[in-house]
Amino acid sequence: MTAYSYFALPVVVAVLVLWKLIPLLLKPLSSKLRLVPGPPCPSWLFGNLKEITNVEAAVLHEQWVAAYGHTIKYKGWLGHDILYTMDTRALNHILSHSNDYQKPAIARFSLSEVLGEGILFAEGEQHRLQRRVMNPAFGPSQIREITDIFLEKAAQLRDMWLEEISVHGDSARVDVLDGMAKMTLDVIGLAGFNYSFDALNASGKANELNKAFQELFGKATNKPSIFAMLRYLIPPLRLIPTPPTRRVDAAVRVMRRIGMELVTEKKAEVIRDMRNPNEKQDGLRSRDLLTLLIKANMAVDLDPSQRLSDEDVLSQIPTFLSAGHETTSNATTWCMYALSQARDIQEKLRTELLAVPTDTPTMDELQALPYLDAVVRETMRVYAPVPATVRVAMKDDVIPLNTAYTDINGNEHDEIEIEEGIQIDIPIVALHRSKELWGDDALEFKPDRWGSLPEAAQNIPGVWGNLMTFLGGPRSCIGYRFSLIEMKALVFILIRAFEFELAVPAKDISKQSSAVQRPFVLSEPEKGTQLPLIIKPYRGL
Ligand code: HEM
């Protein structure tokens, strides 16, 4: 290398950095949110982001809202303004205009490296096409068809715990989160792609796809990372391999290989089926999500321009895995936590469930259980697994408000003016814990509240249950019916079989928040996320 190139390289890098950095540094000066009230900014680089990720989800936001009002701003990277509003009219506006409010480019970039352009991160026309082809696979009649997979896997988890109890005597301490994670992984494998992870089989081999998945998502965090930001801003940096990027590349290769095998196999099945429509399918084959989506994509009445490519179909496999597995396992784990804390509710629920005269209820029978429904709703309110999400304005806009906000000069505004590029944090858990919306007992776990909801809560713009758990609008969770029935099947089987009690004092349980809120024992940090419960067989069995 010549002396010239030794000097040239750092100069090129410095020019690239400045070229990207200067507009970013100047942007906050012209922000239309300048006069919106909010907390002081502790760091010019990270803004308020580090303090947010250092505490349980929504805790700081709740303090800020109490101090500065419903509609506030705080600071992100390099002092950029982030809008935060608890106003249900504003949130409805943002969620229902999903083309004008998209996911931030940096989140799409880092996740698309892993997930490809799956439905979770596609935008605009690409998203519309994917959603249209995928919607039918998630409809009620499709979920009805796979309810027995949920029940079988829930029963397998029950039997695994019964075996553990038989080793210890009349009760056992189990990590409920671990059991739920195995169960929901097996379910998404079978119901998603007719693929057997066999995670609940203690003597089974570690599964290659599961290992790849853990490599990609096991260490996920939402802590701000300078390296991730630089890789996003300066594309040539993406060419420099590091140990983590090498591990991710290897895992993505495994996922792609297995995914491609599944897609090819299912396409062949669908073609066979189209040629011989009268031949009977075997049990699972035709009802998994991937086959249904491939079938919808190959339907003769679908215009060829509206079809998904193999690449798009392939990217739905890690998408389903990442979106559908830990969300449901954490939701059900928190449900067991709540029930272990409220023995009267646990007892009342068990009485309802034991009155069902079968171990294998249909989807409609599960749906007809009112107290089970109330317990699931209350879990999804108090312990919404995804605590918040984020959007970026794609154009200048004026957001309408239910409640006017007062700016730092004391002037009232009944709408918020924003410019293109402003980031908006969408509260989920904070909205579910709001006393203004839910009443003074908002923080308590009370399934009976679902008998008559306060009027204010009815304005929450969620796709399900007056809750933001699955968000609302065109980008709401496509898998919400899937996860609700899976959760009901799990609770049905487990509450009929066991009594649950917390194995550590309640104040020792905390929430670790990244994309999903997970339970964590403060006095056992070395064990990572977990929920230790003492289980014993229900005496009536
Ligand atoms: C308790 C369980 C679940 C929760 C709390 C949950 C929550 C959410 C939320 C909040 C979003 C919106 C994210 C955003 O736009 O920022 C979402 C989207 C999505 N979810 Fe779920 N989810 C759950 C289960 C599932 C399941 C079981 C599946 C699939 C089998 C699934 C598939 C998806 C997909 C594909 C999207 C993207 C939809 C789109 O952008 O059009 N989810 N989910």
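Quick caveat, the model's predicted, so the values are computed rather than measured.

1. Things to note about the UniProt feature "binding site: heme" (unreviewed entry) in the protein chain
The feature "binding site: heme" (unreviewed entry), as given by UniProt, occupies Cys477 in the numbering adopted here. In this structure, cysteine 477 sits in the loop between helix H19 (435-438) and helix H20 (480-497). Taking relative accessible area as the criterion, cysteine 477 reaches 30% and is therefore assigned partly exposed.

2. Description of the packing of helix H14 (residues 326-341) against H20
It is at 10 Å that the axes of H14 and H20 come closest, and there the two elements cross at 40 degrees. Relative to H20, H14 is oriented oblique. For the element pair H14 and H20, the recorded crossing hand is right-handed. The segment H14 lies against H20, with Thr328, Ala331, Thr332, Cys335, Met336 and Leu339 engaging Ser483, Glu486, Met487, Leu490, Val491, Leu494 and Ile495.

3. Concerning unusual backbone geometry
With a phi angle near 75 degrees, alanine 58 is a residue other than glycine that sits in the positive phi range. By the secondary structure assignment, alanine 58 is in the loop between helix H2 (49-53) and helix H3 (59-68). With relative accessibility at 10%, the residue alanine 58 sits in the buried group. Despite not being glycine, leucine 471 shows a phi value in the positive range, around 60 degrees.

4. Looking at the site of the ligand
In the region of the ligand, 27 residues are neighbours, and His127, Arg131, Thr389, Arg391 and Cys477 sit closest. Note that an oxygen atom of the ligand is positioned 2.5 Å from one of the side-chain N or O atoms of threonine 389. Within the side chain of arginine 475, a nitrogen or oxygen atom sits 2.8 Å from an oxygen atom of the ligand. Of all the elements in the fold, those that place two or more residues in the shell around the ligand are helix H6 (124-134), helix H13 (310-324), H14, strand S5 (388-393) and H20. The greatest single-element share of the shell around the ligand, amounting to three residues, is contributed by H14. Taken together, the residues of the shell around the ligand sort by class into 14 nonpolar, nine polar and four charged. Residue contributions to the shell around the ligand reach at least three from each of two domains, namely domain 1 (31-110 + 389-427) and domain 2 (116-387 + 428-537).

5. Description of the sheet that holds strand S9 (residues 498-502)
Taken in spatial order, the three strands make up an open sheet running S4-S12-S9, and their pairing is antiparallel. Looking along the sheet, the strands with just one partner apiece sit at the ends: strand S4 (172-175) and S9. Direction aside, the axes of adjacent strands within the sheet are offset by 40 degrees on average. With five bridges connecting them, S9 and strand S12 (residues 532-537) associate as antiparallel partners.

6. Focus on the nonpolar core
If you look at the biggest cluster of nonpolar residues, it comprises 157 residues, and the most contacted ones within it are Trp161 and Ile418. For this core, the leading source of residues is H20, giving 13 residues. Composition of this core by domain shows at least three residues from each of domain 1 (31-110 + 389-427) and domain 2 (116-387 + 428-537). Among all residues touching tryptophan 161, those that are not within four sequence positions of it are Val174, Asp175, Val176, Gly179, Met180, Leu494, Phe498, Phe500 and Ile535.

7. A look at the pairing of strand S1 (residues 71-75)
Burial analysis of S1 places five of its five residues in the buried class, the great majority of the element. What you see with S1 is no split at all: Thr71, Lys73 and Lys75 on one side and Ile72 and Tyr74 on the other are buried throughout. Bridging between S1 and strand S2 (residues 81-85) involves five bridges; their strand directions are antiparallel. Within the sheet, the bridge partner assigned to lysine 75 lies in S2 and is aspartate 81. Linkage of S1 to S2, two consecutive antiparallel strands, is achieved through a turn of five residues, within which leucine 78 is found at a positive phi near 50 degrees.

8. A few points about the domain arrangement of the protein chain
The domains assigned to the protein chain are domain 1 (31-110 + 389-427) and domain 2 (116-387 + 428-537). The centre of domain 1, based on its C-alpha atoms, is set 28 Å off from the matching centre of domain 2. Contact with domain 1, which involves 32 residues of that partner, is made by 37 residues of domain 2. Across the domain 1/domain 2 interface, buried area totals approximately 3,100 Å², and carbon plus sulfur atoms make up 65% of it. Between domain 1 and domain 2 we count two salt bridges in total. Salt-bridge contacts for arginine 433 lead to glutamate 62; the nearest nitrogen and oxygen are separated by 2.7 Å.

9. Section: the environment of leucine 502
As for its placement among the helices and strands, leucine 502 is situated in strand S9. By relative accessible area, which is 12% here, leucine 502 ends up buried. Through-space distance from the C-alpha of leucine 502 to that of alanine 338 is 9.6 Å; in sequence the pair is 164 residues apart. Beyond its immediate stretch of four places on either side in the chain, leucine 502 contacts Tyr337, Ser340, Gln341, Ile509, Leu531, Pro532, Leu533 and Ile534.

10. Brief notes about the pattern of salt bridges
Counted according to the given criterion, the structure contains 35 salt bridges. Across the salt bridge formed by glutamate 378 and arginine 381, the nearest N and O atoms sit 2.9 Å from each other. Linking glutamate 378 with arginine 381, this pair stays in helix H17 (residues 370-382), spanning three residues, or about one helical turn. Across the pair, exposure class does not vary: glutamate 378 and arginine 381 are buried alike.

What counts as what
Residues numbered from 1 in each chain as written. Predicted model: local features only at pLDDT ≥ 70, side-chain atom pairs only at ≥ 80, totals over all residues. Heavy atoms only, no water. UniProt positions renumbered as here; feature names shortened; annotations may be inferred. Helix = DSSP H or I, 4+ residues; strand = E, 2+ residues; numbered from the N terminus. Buried < 20%, exposed > 50% of the residue type's maximum accessible area, 1.4 Å probe, protein only. Axes fitted to C-alpha atoms, helices over the stretch in contact; angles between N-to-C directions. Parallel < 35°, antiparallel > 145°, perpendicular 65-115°, else oblique. Left-handed = near helix turned anticlockwise from the far one by under 90°. Contact = heavy atoms within 4.5 Å. Near = heavy atom within 4 Å. Polar contact = N/O pair within 3.5 Å; in protein donor to acceptor, adjacent residues only side chain to side chain. Nonpolar A, V, L, I, M, F, W, Y, C, P; charged D, E, K, R; others polar. Domains from an automatic or database assignment. Pairing = 2+ DSSP bridges. Core = buried A, V, L, I, M, F, W, Y, C linked by side-chain atoms within 4.5 Å. Buried area = accessible area lost by both parts, 1.4 Å probe. Salt bridge = Lys/Arg side-chain N within 4 Å of Asp/Glu carboxyl O.

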